[in-house]
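Each chain is listed here by its residues.
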Amino acid sequence: MSQDFDVMPGNKAVAHGVRLARTEVVPAYPITPQTTIIEYLADFVANGKLDAEYIHTDGEHSCMGAAVGASMTGARTFTATCSEGLAYMHEVVAQATNYRTPLVMAVTNRTLGWYWALGPDYSDVQPELNLGWLVSFVESNQECLDTVLQLYKIAEDRRVLLPAMMNLDGFYLSYSHERVYLPDQDMVDDWLPRYDAPYPLDPTVNNKVPTSILGAPHHTTYRRIHEEVLEDAKQVIKEVDQSYKETFGRGYGGLIEEYRCEDTESLLVTAGSMTTATRRAVDRLRDEGEKIGLVKVRFLRPFPWEEFRQLSQRVHAIGVVDRMIQHGTGGGMIFNDLRAALCNIEGRCPVINFITGLGGEDVPIDDLYVMGKKVVKTAKTGKIEKEVEFVEHPAAKPEKPIEVETDNPIYPSGAGCAGCGSSIIIRHIMDILGDNTIVVNPPSCSVVNYTPVARNPWLLANFAAGGAYASGVYRGLKARGKADKVYVTGYAGDGGTVDIGLQSLSGAAERNESIMWVCYDNEAYMNTGIQRSGSTPIYSNTTSTPAGTEWSGKPTRRKNMALVMAAHRIPYIATASIAYIPDLRKKIKRAAEITRNGEGMAFIHVHQPCTTGWYYPPEMTVTMGRLAVQTGAWPVLEIDQGKLTLNVKPKELKPIKEYLDPQKRFRHVKDDQALRLESMLLNDWNGLLEMEKFDKLPWY
Amino acid sequence: MVDEIRLHGMGGQGVVACGELIAIAASYDDKFCRAFPMYGSARRGAPVLAFAQIGEESEATRSMIYYPEYLLVLDPLMPEQMDITQGLKDKGVVIWNTHKTPDETKEIFKKDLGTVGVVDATAVAVEIIGRPIPNTVMLGAFAKTTGLLKMESIFKAIDKRFPPRLAEPNKKAAQAGYDRAVVKKY
């Protein structure tokens, strides 16, 4: 059973699992640390290694919607997300169970909401646990690949037909390289045949329609049946793991994996990547003669309560190491389930709980050793000294802050790239608006790089709610009589404006809130590593639209956001460029005037060349901005009370090649594609010249 | 114990790839291996940090690295410009891309080093590969200084990671790194 191996990060192991499963539809939306999964998959599809429909969705809510829709047709479907993205999906995650869609989702765990940490804990998956999905956790990169294949086989089994989630710890697995064996494609094809949906959403082969709405009297019965299906799934999980082991040589114990449990008197219980360090702690305690073992929870849903009931009869104490607290219950995520599972049986052993590793903090062997010691002691004495313990490492006191005197609205040491265009925009906005300004910033590279060094209040908004946050801040101030004394401005990237942020922004525009919204458009999701957005230009090579044998960069044109906003009839709309600073400053002043007077919303869309994402030398940021305007790739205009004016009018548009050539993201673009783009831009330009002739756009 | 290695360098010197090559080579020795780059946004012009772990499968952990025993320094200037020895174990091992001697290196690092391996890896890379990318030369020096990896495993790792056109000169570079590294124990 020789298998090829490679050394790869966990995210790549996931992608290989998806490829080997011959997955047919992949809806995707980027979020750290999930991003490289969807990048590897895009690369597979772009180069003909995976024959799948790849859907570049506009947000996680849409992403899971696309996944459920695709899975209902009978197509094998995969998606991935984590943290805020998973929370944003939540509603559709619940719907996936009703429709019995056996899709697989990888969750690269990352802290949810709590001060926006990037590291893994299980706060993101916790709200999803009880929706009726199969929920698994993995320990290693190899287990990532193997579990993707296992999950399809389990989920698609006619006894199950449920969606399945695989949790892999962000960073510890997602970005860490390990040896991974790659099963042979033919063997996988034999073991995991195509998904044969019993009732596909396809009128050509199936005349049954999905149940969308069910009367209340049926709910209790259907929930009972769903619960029975989840219980029955346990047998399928065990069978599939066994069959996988017989076929590919690797098994993980089914629902739980036991380690050194043969004659044990006490147990540590873990999940995820920290299990490996726990093995070492158990080894150390065993070397010292202590009778302790380890149980790794592979499937938290369905919960292996029978297994734990049996274990609790064999041992004298159980210690659960939890990477999540269930607030208000006093206990951790796995601990609470385990405690509940044992509460009605005779002869159960004491169970204690350690809460640790939150926010992605490492759980070192030394800590796990101490936890193990405490479980051993509990087993020996039969007494619980502390039922739930937080294992904390208080941070060292920060050094005395350095005093900096500056008139600049951004203090030194911002973490932006050399040649960052966004910092130029921020400086001019803040210079004009002054200190009585509140910036609302949905997630973006600028929020990461400049929030810590901004002088004025800089409010991090949720990605899909930027427009609403700004509206709320404005209305709150208005209610307190401060509407004309404080500027409220959104500052968002292209993703937070034209994709996931669009609904919230559109709502604010339709209500005509007197706020400003500045979109700094670097034409991709730069903060997560250059994935395409709805504002990425056609042909652009991004990490989710790579140029390959099958793809030539992004296949579609960008949204025309100025006209989208104009359709809302807001009083002021402008596009601007960092290469035309006097024009940009004039527009910020006009926007400030309009919002201060309570006339309504002002939207400024600033083109921001990005050295890192467009692959040009950092000193060329302003040059790239100028070339975009002079070639017609970025027309600079304003729509003031419905009157459209082109503010920069080259006598003749320059050839687009002058703009494309210095940027490596367009390196693959062929001459005929460049000509096609040039003619599209000329067409747009002529259209704008026509619109300029109106006294007002007709719908104003 | 799992052997823990921290790699320092600048963008363009192949630091991250070097960590991966260590992990790939270790995997051919049938060892547990793990490599990971420093987490955070990949800002241009910043120093690059990567980590690698090698050990027996039965000793694997998936923890962070706080106290490395080995420093693999791909940049010739960095050790004199900043302190890169944080957390380095006493009697730790330094492998540095420099034309300086082990004794001079020990002075510069201001630490109680157990073993020092030096090689002018950039010059060797230019001579053999034709480009100033020192990472594969440093792998050879690492193998000689530490004995943690077999050269044949390093060659296999290079074959795996590089297209044939680049693999051959890089294997030669690794061998030269092994041959020309000056190692001194203290």
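In case you missed it, the structure is sitting above this.
Structural notes, computed from the coordinates.

Reading the values: rules and limits
- Residues numbered from 1 in each chain as written.
- Chains lettered and ligands numbered in written order.
- Predicted model: local features only at pLDDT ≥ 70, side-chain atom pairs only at ≥ 80, totals over all residues.
- Heavy atoms only, no water.
- Helix = DSSP H or I, 4+ residues; strand = E, 2+ residues; numbered from the N terminus.
- Rg over C-alpha atoms; globule rule 2.2 N^0.38 Å.
- Buried < 20%, exposed > 50% of the residue type's maximum accessible area, 1.4 Å probe, protein only.
- Areas by Shrake-Rupley, 256 points an atom, 1.4 Å probe, with all protein chains shown as cover.
- Axes fitted to C-alpha atoms, helices over the stretch in contact; angles between N-to-C directions.
- Parallel < 35°, antiparallel > 145°, perpendicular 65-115°, else oblique.
- Left-handed = near helix turned anticlockwise from the far one by under 90°.
- Contact = heavy atoms within 4.5 Å.
- Nonpolar A, V, L, I, M, F, W, Y, C, P; charged D, E, K, R; others polar.
- Polar contact = N/O pair within 3.5 Å; in protein donor to acceptor, adjacent residues only side chain to side chain.
- Disulfide = S-S within 2.5 Å.
- Pairing = 2+ DSSP bridges.
- Right-handed = clockwise from strand over helix to strand, strands pointing away.
- Buried area = accessible area lost by both parts, 1.4 Å probe.
- Salt bridge = Lys/Arg side-chain N within 4 Å of Asp/Glu carboxyl O.
- Expected span 1.5 Å × (residues − 1).
- Arc of directions from axis to C-beta.
- Phe/Tyr/Trp six-rings, centres within 6.5 Å; stacked < 30°, edge-to-face > 60°.

A word on the overall build of chain A
Piece 1. For chain A, the count of helices and strands is 22 helices and 25 strands.
Piece 2. Taken against the 2.2 N^0.38 rule, which gives 27 Å for 700 residues, the C-alpha radius of gyration of chain A at 28 Å falls within 12% of a compact globule.
Piece 3. Once the C-alpha set of chain A is aligned to its principal axes, its extents read approximately 85 × 65 × 55 Å.
Piece 4. Of all 700 residues assigned to chain A, the portion counted as buried reaches 60%.
Piece 5. Total accessible area computed for chain A in this model is approximately 27,800 Å², and 52% of it derives from carbon and sulfur atoms.

Some thoughts on the packing of helix H1 (residues 15-28) of chain B against helix H5 (residues 135-146) of chain B
Residues and elements named next belong to chain B.
Piece 1. For the pair H1 and H5, interaxial distance at closest approach is 9 Å and the crossing angle is 40°. Judged by the angle between their axes, H1 and H5 are oblique. Note that H1 runs across H5; the crossing there is right-handed. Note on element contacts: H5 touches H1 through Asn 135, Thr 136 and Leu 139, opposite Ala 17, Cys 18, Leu 21 and Ile 22.
Piece 2. Here the contact of H1 with H5 is built from residues that sort into 5 nonpolar, 2 polar and no charged.

Some words on the side chain of Thr 575 of chain A
Residues and elements named next belong to chain A.
Piece 1. Structurally, Thr 575 is set in strand S22 (residues 572-577).
Piece 2. Polar contacts involving the side chain of Thr 575 include one to the main-chain amide nitrogen of Leu 637, which spans 2.8 Å.
Piece 3. Non-local contacts of Thr 575, meaning those with residues more than four positions away in its chain, are made with Ala 562, Asp 583, Lys 587, His 605, Trp 634, Pro 635, Val 636 and Leu 637.

Some details on the state of the cysteines
Residue and element names in this part refer to chain A.
Piece 1. Scanning all chains against the criterion turns up 0 disulfides over all chains.
Piece 2. The structure places no disulfide on Cys 519, whose sulfur is separated from the nearest cysteine sulfur, that of Cys 445, by 11 Å.
Piece 3. By relative accessible area, Cys 519 is classed as buried at 0%.

Section: the pairing of strand S5 (residues 92-97) of chain B
Residues and elements named next belong to chain B.
Piece 1. Summarising burial for S5: 6 of the 6 residues are buried, a large majority.
Piece 2. Residues Gly 92, Val 94 and Trp 96 of S5 are buried on one face, and the alternating residues Val 93, Ile 95 and Asn 97, pointing to the opposite face, are buried as well.
Piece 3. Where S5 and strand S6 (residues 113-119) come together, 6 bridges link them in parallel fashion. Residue Asn 97 lies in a different strand from S6, and its bridge partner there is Val 119.
Piece 4. With respect to chirality, the unit in which S5 leads through helix H3 (residues 102-109) into the neighbouring parallel S6 is right-handed.

Considering the sheet that holds strand S16 (residues 351-355) of chain A
Hydrogen bonds between backbone groups are what pair the strands of a sheet, and the pairing can be parallel or antiparallel.
Residue and element names in this part refer to chain A.
Piece 1. With mixed pairing, 6 strands are arranged side by side in an open sheet as S9-S11-S10-S13-S16-S17. Every other strand in the sheet has two partners, leaving strand S9 (256-259) and strand S17 (388-390) as the edge strands with one partner each. Neighbour-to-neighbour, the strand axes of this sheet turn through a mean angle of 20°, independent of strand direction.
Piece 2. Here strand S10 (residues 266-270) runs beside strand S11 (residues 292-297); their pairing, made up of 5 bridges, is parallel. What sits directly across from Thr 270, in S11, is Lys 296.
Piece 3. In the packing of helix H8 (residues 274-287) onto the sheet, the strands contacted are S9, S10, S11 and strand S13 (317-322), and the crossing angle to S11 comes to about 170°.
Piece 4. Running at roughly 140° to S10, helix H11 (residues 365-381) makes contact with S10, S11, S13, S16 and S17 of the sheet.

Some words on the sheet that holds strand S4 (residues 78-81) of chain A
Residues and elements named next belong to chain A.
Piece 1. Pairing is mixed across the open sheet formed by 5 strands, whose spatial order is S4-S5-S7-S6-S12. Taken across any chain shown, the strands that pair with only one partner, and hence form the sheet edges, are S4 and strand S12 (299-301). On average, adjacent strands in this sheet sit at an angle of 25° to one another, irrespective of strand direction.

Here we look at the interface of chain A and chain B
Piece 1. Contact residues are listed per partner, giving 30 residues for chain A and 25 residues for chain B.
Piece 2. Where chain A abuts chain B, roughly 2,300 Å² becomes buried across the two surfaces, and 51% of that area is made up of carbon and sulfur atoms.
Piece 3. Looking at the side of chain A facing chain B, the largest losses of area belong to His 177, Arg 179 and Asp 362 of chain A, adding up to 24% of the total buried there.
Piece 4. At the junction of chain A with chain B, the criterion picks out 5 salt bridges.
Piece 5. Here Glu 178 of chain A makes a salt bridge to Arg 34 of chain B, at a shortest N to O gap of 3.9 Å.
Piece 6. Where chain A meets chain B, there are 17 residue pairs in polar contact (both at pLDDT 80 or more).
Piece 7. Mapped onto the side of chain A that touches chain B, the elements with two or more residues apiece are strand S1 (4-9), strand S8 (177-182), H8 and helix H19 (611-614) of chain A.

Topic: the side chain of Thr 32 of chain A
All names here are of chain A.
Piece 1. Position of Thr 32 relative to the elements: it lies in the loop between strand S2 (25-28) and helix H2 (35-46).
Piece 2. We classify Thr 32 as buried; its relative accessible area is 15%.
Piece 3. If we skip the residues at most four places from it in the chain, Thr 32 touches Cys 82, Arg 110, Leu 118, Phe 171, Tyr 175, Asn 527 and Thr 528.

Some remarks on the environment of Ser 423 of chain A
All names here are of chain A.
Piece 1. Tracing the backbone shows Ser 423 in helix H12 (residues 421-433).
Piece 2. Taking the C-alpha atoms as reference points, Ser 423 and Thr 264, separated by 159 residues in sequence, lie 60 Å from one another.
Piece 3. When near neighbours in sequence (up to four residues on either side) are disregarded, Ser 423 contacts Ile 410 and Tyr 450.
Piece 4. Reaching out from Ser 423, the side chain makes a polar contact with the backbone oxygen of Cys 420 at a distance of 3.3 Å.

Observations concerning the pattern of salt bridges
Residue and element names in this part refer to chain A.
Piece 1. For the coordinates displayed, the defined rule picks out 57 salt bridges over all chains.
Piece 2. For Glu 231, the salt bridge goes to Lys 234, with nearest N and O atoms at 3.1 Å. On the criterion of helical spacing, the pair formed by Glu 231 and Lys 234 is a turn pair, its members being 3 residues apart in helix H7 (residues 216-248).
Piece 3. Measuring nitrogen to oxygen at the nearest pair gives 3.1 Å for the salt bridge that ties Asp 521 to Arg 558. In this pair, Asp 521 is assigned in strand S21 (residues 516-521) and Arg 558 in the loop between S21 and helix H17 (561-566), connecting sequence segments 37 residues apart.
Piece 4. Among the residues examined, Arg 558 registers a relative accessible area of 21% and is labelled partly exposed.
Piece 5. If you follow the salt bridges from partner to partner, you end up with Glu 139, Glu 143, Asp 241, Glu 257, Arg 279, Lys 296 and Arg 298 in one network.

A look at the environment of Lys 587 of chain A
Residues and elements named next belong to chain A.
Piece 1. Of note, Lys 587 is situated in helix H18 (residues 581-596).
Piece 2. Separated by 234 residues in the primary sequence, Lys 587 and Asn 353 have C-alpha atoms spaced 58 Å apart.
Piece 3. Aside from chain neighbours lying at most four places away, what touches Lys 587 is Tyr 572, Ala 574, Thr 575, Ala 576, Ile 604, Val 636, Leu 637, Glu 638 and Asn 647.

Structural notes on unusual backbone geometry
All names here are of chain A.
Piece 1. The amide bond that connects Thr 32 to the next residue, Pro 33, takes the cis arrangement and shows omega of 0°.
Piece 2. For Pro 33, the position within the fold is in the loop between S2 and H2.
Piece 3. The linkage connecting Arg 301 with the following residue, Pro 302, adopts the cis geometry, with an omega of -5°.
Piece 4. Relative to the assigned elements, Pro 302 resides in the loop between S12 and helix H9 (305-314).

Let's talk about helix H22 (residues 671-692) of chain A
Residue and element names in this part refer to chain A.
Piece 1. Between its terminal C-alpha atoms H22 stretches 31 Å, which fits the 32 Å expected from 22 residues at 1.5 Å a residue.
Piece 2. All of the buried residues in H22 are Gln 673, Ala 674, Leu 677, Met 680, Leu 681, Trp 685, Leu 688, Met 691 and Glu 692. Axial view of H22: buried residues confined to an arc of 140°, hence all on one face. In H22, the exposed positions angled more than 90 degrees off the buried face are occupied by Asp 671, Asp 672, Leu 675 and Asn 683.
Piece 3. Check the buried side of H22 and you find it contacts H17, strand S24 (637-640), strand S25 (643-646) and helix H21 (657-660).

What about the packing of aromatic side chains?
Residues and elements named next belong to chain B.
Piece 1. Within this structure, the stated rule accounts for 19 aromatic pairs over all chains.
Piece 2. Relative to Phe 142, the ring of Tyr 70 has its centre 6.2 Å away and its plane inclined at 70°; by these criteria the two rings are edge-to-face. Highlighted residues: Tyr 70 in strand S4 (residues 70-73) and Phe 142 in helix H5, separated in sequence by 72 residues.
Piece 3. Here Tyr 70 falls in the buried class, since its relative accessible area comes to 7%.

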